[in-house]
Amino acid sequence: MKTQKILVIGAGGQLGSELVQGLWKLYGKENVFATDIKDPQGILSQGNFEILDVLKQKHLFEFIQKNKITQVYHLAAVLSATGEKNPKFAWHLNMDGLVHVLDAAVEFKLDKVYWPSSIAAFGPTTPKHNTPQDTIMDPTTIYGITKLAGERWCDWYFRNKGVDVRSLRYPGLIGYKTKPGGGTTDYAVDIFFKALTEKKFECFLKPDTYLPMMYMDDAVKATLDLMEAPAAKVKTRSSYNISAMSFSPSEIAGEIKKHIPEFTISYNPDFRQAIADSWPKSIDDSRARQDWGWRHQFGLAEMTKEILKHLPALLAQEA
Ligand code: AKB
C-alpha cells in the first residue's frame, strides 16, 4: 500500500487544528502537512507546517507535487457573518479555492479530497425541522451560496472527472481549543469562555433560537469516518447531512448554570439573528448513518461537562 501524504489547507482554524491531531494519529506526524496563511498557533508547530495560500494556484500545485500529496483536506473559508461584510472576497476564497483543489485532484490524481459544506447551504424555505438530505436549498448568505455552489462543484468533479471528493454539511461546531472566527454559531463557543472568565455573557441571538450543533470531537470523528469509508459506501458526492444535537442560547446557558450557578446571560440580537433564522433547527442525518455508519457521541450535557472540565486549565496557561 502506498504511503498517504495528507495536505490540510486552513489548518490553523477551529476545525483544522483538531483535525490535524486526528490525522497525526492515523497517518503519523511525518505524513501530515498542515498549512495556513498565518504562522501556526500552539500545537500545530509540533508537526510539519508551511504557509500556503490556496488562492495561489501555482504554489498549491508545486506544493502538492513536491510533497507527493495523496489526499487534501481543504478547510480554508470565510464564514457566514464575515462573508456578509465582504461578499466578493468570500466568493473568491470559498469558490476559487475549492476549484483550485479540485483541479489539483485531477492534475495529480489525488486519492481523495475533503471539503466542508454547512447547514448554511439551506435557506428560509427549507423545511426547518429534521431537514432532509435532499430538499429545497435557497441560502440567503453569501457563505451559504458558496457552500451550495461548492456542493454542486464537488458532485460535478466526481461525476465528470472521477475525483473521489467527500463532504459533510457541518452544523455549528463547538470546541474550546481554538476559537472560531466569523460564524453565526460562534456564540456557543464564546459563552464558555465568558462563563469562566466573567460569569456573564451577552448573546447576539435571541434566547429561543434553535440551531443544530456538534461538539468538535464528534466533528473530527465524522470527518475521519467519512474519509476512511470505502468509496463504494460514499453514495452522496455533494455533501452529507450530519447532526448531533440542537439547542437554543437559553438552553446552553441553563446547562452551564448547572456547573456555574452564578452565571447569567443577556440578549442583544444583531444582524446574525436573521442569518440564524434562515437556517434549519434540526437535521435528518439518516443517510450518513445508513451509508457509512455515522454515530455521534456528545449531547449538550456531555459536551458542557467536558468543556468546563478542560477549559479552565487552558485559560490558566494563557493568563
Ligand atoms: C457559521 O456559523 O458560519 C458556521 C456554519 C454553521 O457553517 N459555523
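Look up a bit, the structure's there.
Definitions and limits used
Residues numbered from 1 in each chain as written. Predicted model: local features only at pLDDT ≥ 70, side-chain atom pairs only at ≥ 80, totals over all residues. Heavy atoms only, no water. Helix = DSSP H or I, 4+ residues; strand = E, 2+ residues; numbered from the N terminus. Contact = heavy atoms within 4.5 Å. Expected span 1.5 Å × (residues − 1). Buried < 20%, exposed > 50% of the residue type's maximum accessible area, 1.4 Å probe, protein only. Pairing = 2+ DSSP bridges. Axes fitted to C-alpha atoms, helices over the stretch in contact; angles between N-to-C directions. Polar contact = N/O pair within 3.5 Å; in protein donor to acceptor, adjacent residues only side chain to side chain. Salt bridge = Lys/Arg side-chain N within 4 Å of Asp/Glu carboxyl O.

Asker: If you had to explain the side chain of Asn 31 to someone new, which residues and values would you point to?
Answerer: As for its placement among the helices and strands, Asn 31 is situated in the loop between helix H1 (14-27) and strand E2 (32-36). Dropping the residues within four chain positions of it, Asn 31 is found in contact with Thr 3, Gln 4, Lys 5, Ile 6 and Asn 48.

Asker: A description of H1 should follow, citing residues and the corresponding values.
Answerer: Helical geometry: 3.6 residues make up each α-helical turn, so side chains three or four residues apart lie on a common side. The terminal C-alpha atoms of H1 lie 21 Å apart, and with 14 residues this matches the ideal 20 Å at 1.5 Å per residue to within 8%. When you tally the buried positions in H1, you get eleven out of 14 residues, the bulk of the element. Along H1, the residues that are buried comprise Gln 14, Leu 15, Gly 16, Ser 17, Glu 18, Leu 19, Val 20, Gly 22, Leu 23, Trp 24 and Tyr 27. A positive backbone phi angle near 90 degrees is found at Gly 28, which sits one or two residues after H1.

Asker: Could you give me a rundown of the sheet that holds strand E4 (residues 71-74), with the residues and numbers involved?
Answerer: The six strands are arranged E3-E2-E1-E4-E5-E7 in an open sheet whose pairing can be described as parallel. Where the open sheet ends on each side, the last strands, each with one partner, are strand E3 (48-51) and strand E7 (165-166). Here helix H2 (residues 57-66) sits on the sheet and contacts strand E1 (6-9), E2, E3 and E4; the angle it forms with E1, its principal contact strand, is near 155 degrees. Docked against the sheet, helix H7 (residues 216-228) engages E4, strand E5 (112-114) and E7, running at close to 160 degrees with respect to E5.

Asker: Describe the side chain of Asp 285, naming the residues involved and giving the relevant values.
Answerer: Tracing the backbone shows Asp 285 in the loop between helix H9 (272-277) and helix H10 (286-292). On the basis of relative accessibility, which here comes to 7%, the residue Asp 285 falls in the buried class. Here Arg 289 takes part through its side chain, which lies 2.8 Å from a polar atom of the side chain of Asp 285. Engagement of the side chain of Asp 285 in a polar contact is seen with the side chain of Trp 294, the distance being 3.0 Å. Not counting residues up to four positions away in its chain, the partners in contact with Asp 285 are Asn 241, Ile 242, Ser 243 and Trp 294.

Asker: Give me the lowdown on the pattern of salt bridges, citing residues and values where you can.
Answerer: Taken as a whole and judged by the stated rule, the model has twelve salt bridges. Across the pair Glu 151 and Arg 169 runs a salt bridge, and its minimum N-O distance is 2.8 Å. Here the residue Glu 151 occupies a position in helix H5 (residues 142-161), and Arg 169 occupies one in strand E8 (residues 168-170), the gap between them amounting to 18 residues. For the pair formed by Glu 151 and Arg 169, the shared burial category is buried. Between Asp 164 and Arg 237 there is a salt bridge, with the nearest N and O atoms lying 2.5 Å from each other. Placement of Asp 164 in the loop between H5 and E7 and of Arg 237 in the loop between H7 and strand E12 (240-241) is noted, with a sequence separation of 73 residues between them. There is no split in this pair, since Asp 164 and Arg 237 are both buried.

What is shown is where atoms sit, not what they do.
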